[in-house]
Amino acid sequence: MWETESESRGRERVSSLEIERHDGMKNDAFVRRDQSWYVSSDIPSDLLVKVGGISFHLHKYPLLSRSGRMNRIIYESSRDSDLTVIDLDDLPGGSDAFELAAKFCYGIAVDLTASNISGLRCAAEYLEMTEDLEEGNLIFKTEAFLSYVVLSSWRDSIVVLKSCEGLSPWAENLQIVRRCSESIAWKACANPRGIRWAYTGRPSPKWNSDSKESSPSRAQPVPPDWWFEDVSILRIDHFVRVVTAIKVKGMRYELIGAAITQYASKWLPGLQDGSSQLADDGWSQGAGLHMIIAGTGNKDDLTGTQIREQRMVIESLISIIPPQRDCVSCSFLLRLLRIANMLKVAPALVTELEKRVGMQLEQATLPDLLIPSFNRGDTAYDVDLVQRLVEHFLVQEQTEPSSPSRGETPHDSMRISSGPNAKARVARLIDSYLTEVSRDRNLSLTKFQVLAEALPESARSCDDGLYRAVDSYLKAHPTLTEHERKRLCRVMDCQKLSIDACMHAAQNERLPLRVVVQVLFSEQVKISNALANSTLKQPGEPAHSFQQLNFPNPTRRQLLEGTPQSFQEGWITAKKDINTLKFELESMKAKYLELQNDMDALQNKFEKMTAGNSGPTKPGKPQMGSAWSSGWWKLGKITKINNSDVQDMSGAHGPVAGPSEQGRKGPRRWRNSIS
């Protein structure tokens, strides 16, 4: 039972007013035959009223005395005819409301309830049953019932508001919707400890003052979400009115968000299927797109009316979501965004919803992020949408510390702030998303690269997830050129790969050779640095990096044993090459010294020859030692270790020097020895 004892007493007071009539007519009964109502009276009927396919055979006088509209219509009709026929197809409330109004005019007792009061109130307004015609007319009686009974009852306010769905715009103009919404909002915002009325899930409380065990203080506590189920039965426009009134009253935004989530789950069937089930059961990388589409439902299965209704529900829910972060979960926002894209919701509202998702993108999961592409695109998943979500997230990260969101206190902003780990969580999420969507053969390299590079480099401390996505893309696109594969691999940093990822990359034939070399080189540098650090440390100097973890100082042998076998083999090969180069260098040094000794001996012989032929020469005749001097001069230039000078001397002839000049220069001293 929803109705309380106090509400029953109020209902009896108001209902008793309707039974008292002073028109002097006999309270005849109404009888229905097929689609017609008749009055059990000896006086023949002279008025036929048709309402919604139902005929009412009545008398003119009872209606003339109570209804101003009927009075005017009857006098404007033909007076010569014995039977007057009136059509009232536009009467609010239909035939049921007119039946009650007609019974009221005949003095028959009418039982007012929460189910019929709104229709009867609108019908009384339509028929102009005011106090000017008779005191205590139907408008006065229905208004008294609404004010004293309905608005004081939680259950009746919900029922009346639900019954107003087919009474627009009369219910709006008569303020029935507004008054019921205000009443529901006041009761929803009341302290749960002070609730004394019944609601869904709780029977009507009956207190006994003599029993301590049945006192309110010992009753089962009322949960803060007690009003969710009752409010969720309302139509979307009335639900919006109630939530708006609740916001004005100062309800906590977490409860408002929870109420919106429950309402959406009830009125949008595709919201809870598919993605949420995947999230609960665990997402496997082999899950296909058909699981996602099956969860959202097929738009072709919906009629035009259903599409319009669901679109209106989504647009209304987006408009009333509180502006504070975490009032609703990111998973709910993404599922709402999925259906909004499928039903072609207004672009402005979709953009607003995308911004809301970007505010808390670090809370998202991979199944919710795999949104199909409903715009007839080439790709199976909407990669552009995820790109926009990441952009909104980065904008929010930049603006969040300086300016909290609208309606959010600085304390809430610091509490809800995603912190330094938010980018890392989003990076892991994007890496998993790229791994999943990379299997789509229609995904272009540009889209993959733009999404992979959307986050800053500082967001990823390890690029293993990005490497997994790159490898998956290479596996699904075997026709990429060498240039495209190099371009793809630029999105990851080889120095951020773990040892396991490096071992896999070193044996991955799909990667370009240059990338494999970079991976090997980076690992060798790491090993060399580790070996150098362990060697340079003094025996008594503590190794902070290992002592902080309570590990013993590793020796060179332990480091080598912990290194993968492939990298050990590469290091051994490099050491062999270095030793070979050293041996060749020593051989070249020895040969150079022998050549230098031979050259010194030749230089001495040449000086002796020039000293013996130092006499004067005739003009115009070439000197005897010019060719020898030119050759020895060239030979002397070879000893200079300067590549640029040697290249300049390769095609030039030295000047012709006389024996006298050679004698003046004296013996040449060689200093360019490599030793």
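Residues numbered from 1 in each chain as written. Predicted model: local features only at pLDDT ≥ 70, side-chain atom pairs only at ≥ 80, totals over all residues. Heavy atoms only, no water.

The protein chain carries the name Phototropic-responsive NPH3 family protein in an unreviewed UniProt entry, which gives Rhynchospora pubera as its organism. In UniProt, the protein chain has this text filed under Sequence similarities (unreviewed entry): "Belongs to the NPH3 family." Database annotation for the protein chain, UniProt heading Pathway (unreviewed entry): "Protein modification; protein ubiquitination." (UniProt positions renumbered as here; feature names shortened; annotations may be inferred.)

For the protein chain, the count of helices and strands is 32 helices and five strands. When the 675 residues of the protein chain are sorted by exposure, 43% land in the buried category. (Helix = DSSP H or I, 4+ residues; strand = E, 2+ residues; numbered from the N terminus. Buried < 20%, exposed > 50% of the residue type's maximum accessible area, 1.4 Å probe, protein only.)

Attention now goes to helix α11 (residues 236-249). End to end, α11 covers 20 Å across 14 residues, agreeing with the expected 20 Å (1.5 Å per residue, within 8%). Within α11, the full set of buried residues consists of Ile236, His238, Phe239, Val240, Val242, Val243, Ala245 and Ile246. Those residues of α11 that are buried are in contact with α7 (154-163), α9 (176-188), α10 (228-231), α12 (253-267) and α15 (304-320). Two residues or fewer past α11, glycine 250 is found with a positive phi of approximately 95°. (Expected span 1.5 Å × (residues − 1). Contact = heavy atoms within 4.5 Å.)

Count 3.6 residues to each turn of an α-helix, and residues three or four apart come out pointing the same way. When we look at burial in helix α24 (residues 482-489), the residues that qualify are Arg485, Leu488 and Cys489. Looking down the long axis of α24, one finds its buried residues gathered within 95° of arc, a one-sided arrangement. (Arc of directions from axis to C-beta.)

Right, let's talk about the packing of aromatic side chains for a bit. Inspection of every chain in the model, using the stated rule, returns nine aromatic pairs. Look at phenylalanine 56 and phenylalanine 98: their rings are 4.9 Å apart centre to centre, the planes differ by 70°, and that puts the pair in the edge-to-face class. Of the two residues, phenylalanine 56 sits in strand β4 (residues 54-58) while phenylalanine 98 sits in helix α4 (residues 94-106), which places them 42 residues apart along the sequence. Relative accessible area serves as the criterion here: at 0%, phenylalanine 56 is assigned to the buried category. Residue phenylalanine 98 is classed as buried on the basis of its relative accessible area, which comes to 2%. With a centroid separation of 4.0 Å and 15° between ring planes, the pair formed by phenylalanine 239 and tyrosine 263 is classed as stacked. (Phe/Tyr/Trp six-rings, centres within 6.5 Å; stacked < 30°, edge-to-face > 60°.)

On to the sheet that holds strand β3 (residues 47-51), then. Strand order in the open sheet formed by five strands is β1-β2-β4-β3-β5, and the pairing between neighbours is mixed. If you trace the sheet from one side to the other, it starts and ends with β1 (30-33) and β5 (84-87), each paired once. Across the sheet, the axes of successive neighbouring strands diverge by a mean angle of 20°, strand direction being ignored. Here β3 pairs with β4 via five bridges, running antiparallel. Bridge pairing in β4 places leucine 48 opposite histidine 57. (Pairing = 2+ DSSP bridges. Axes fitted to C-alpha atoms, helices over the stretch in contact; angles between N-to-C directions.)

On to the packing of helix α19 (residues 383-399) against helix α21 (residues 421-437). Any two packed helices are characterised by how steeply their axes cross, that is the angle between the axes, and by the distance between the axes. At a minimum axis separation of 12 Å, α19 and α21 run at an interaxial angle of 175°. With respect to α21, the axis of α19 lies roughly antiparallel. Residue-level contacts link Val383, Val386, Val390, Phe393 and Glu397 of α19 to Ala422, Lys423, Val426, Ile430 and Tyr433 of α21. Looking at side-chain class alone, the contact of α19 with α21 contains eight nonpolar, no polar and two charged residues. (Parallel < 35°, antiparallel > 145°, perpendicular 65-115°, else oblique. Nonpolar A, V, L, I, M, F, W, Y, C, P; charged D, E, K, R; others polar.)

Counting 154 residues, the largest nonpolar core has Leu58, Leu88, Phe98, Trp227, Phe239, Leu317 and Tyr433 as the members making the most contacts within it. If one sorts the elements of this core by residue count, helix α16 (residues 330-342) sits on top with nine residues. Those residues within four positions of tyrosine 433 in sequence are excluded, and the remaining contacts are Leu366, Leu369, Leu370, Tyr381, Asp382, Val383, Val386 and Leu451. (Core = buried A, V, L, I, M, F, W, Y, C linked by side-chain atoms within 4.5 Å.)

So, on to the environment of serine 438. Within the secondary structure, serine 438 sits in the loop between α21 and α22 (445-452). Residue serine 438 is classed as buried on the basis of its relative accessible area of 0%. On a C-alpha basis, the gap between serine 438 and valine 470 in space is 7.9 Å, while along the polypeptide they are 32 residues apart.

The subject of this paragraph is the pattern of salt bridges. If you walk through the whole model with that rule in mind, you get 19 salt bridges. Across the pair glutamate 134 and arginine 66 runs a salt bridge whose closest N-O atoms are separated by 2.0 Å. Taken together, the residues glutamate 134 in the loop between α5 (117-127) and α6 (138-150) and arginine 66 in the loop between α2 (60-64) and α3 (68-76) connect sequence positions 68 residues apart. Since its relative accessible area comes to 22%, glutamate 134 is described here as partly exposed. The partner of arginine 460 in a salt bridge is aspartate 431, with the nearest N and O atoms 3.0 Å apart. Linking arginine 460 in the loop between α22 and α23 (464-476) with aspartate 431 in helix α21, this pair joins segments that are 29 residues apart in sequence. The buried category is assigned to arginine 460, whose relative accessible area is 7%. Three or more residues joined by partner-sharing salt bridges are found here, namely Arg121, Glu125, Glu143 and Arg179. (Salt bridge = Lys/Arg side-chain N within 4 Å of Asp/Glu carboxyl O.)

Bringing the pairing of β1 into the picture now. Across four bridges, β1 lies against strand β2 (residues 36-39) in antiparallel orientation. Note on β2: the bridge partner recorded for phenylalanine 30 is valine 39. Between β1 and β2, which follow one another and run antiparallel, lie two residues, and aspartate 34 among them has a positive phi close to 60°.

In terms of burial, β3 is a largely internal element, four of the five residues being buried. The loop that links β3 with its antiparallel partner β4 comprises two residues; one of these, glycine 52, has a positive phi angle of about 55°. Relative to β5, β3 runs parallel, the two sharing four bridges. When the bridges of β5 are listed, leucine 47 appears paired with threonine 84.

The next subject is unusual backbone geometry. Look at the link from serine 168 to proline 169: it is a cis peptide, with omega at 0°. With respect to the helices and strands, proline 169 occurs in the loop between α7 and α8 (170-173). For glutamate 128, which is not a glycine, the phi torsion comes out positive at approximately 60°. Turning to its location among the elements, glutamate 128 is positioned in the loop between α5 and α6.

Close inspection of predicted coordinates is inappropriate for parts of the model with low pLDDT. The share of residues in the protein chain with pLDDT of 70 or more is 68%, and the mean pLDDT across the chain is 76. Below a pLDDT of 50 lies the segment residues 274-297, which in the model reaches 37 contacts outside its immediate sequence neighbourhood of four places, other chains included. Low pLDDT, under 50, characterises residues 409-417; the stretch is placed with ten contacts to residues that sit more than four places away or in other chains. (pLDDT = per-residue confidence, 0-100.)

Here we take up the side chain of serine 438. There is a polar contact of 2.8 Å between the side chain of serine 438 and the side chain of serine 472. Beyond its immediate chain neighbours, meaning those up to four positions away, serine 438 contacts Leu443, Phe448, Ala469, Ser472, Tyr473, Ala476 and His477. (Polar contact = N/O pair within 3.5 Å; in protein donor to acceptor, adjacent residues only side chain to side chain.)

The next thing to look at is the environment of aspartate 326. Topologically, aspartate 326 is positioned in the loop between α15 and α16. Look at aspartate 326 and you get partly exposed, because its relative accessible area is 31%. In this structure the side chain of aspartate 326 is engaged in a polar contact, spanning 2.8 Å, whose partner is the side chain of glutamine 363.

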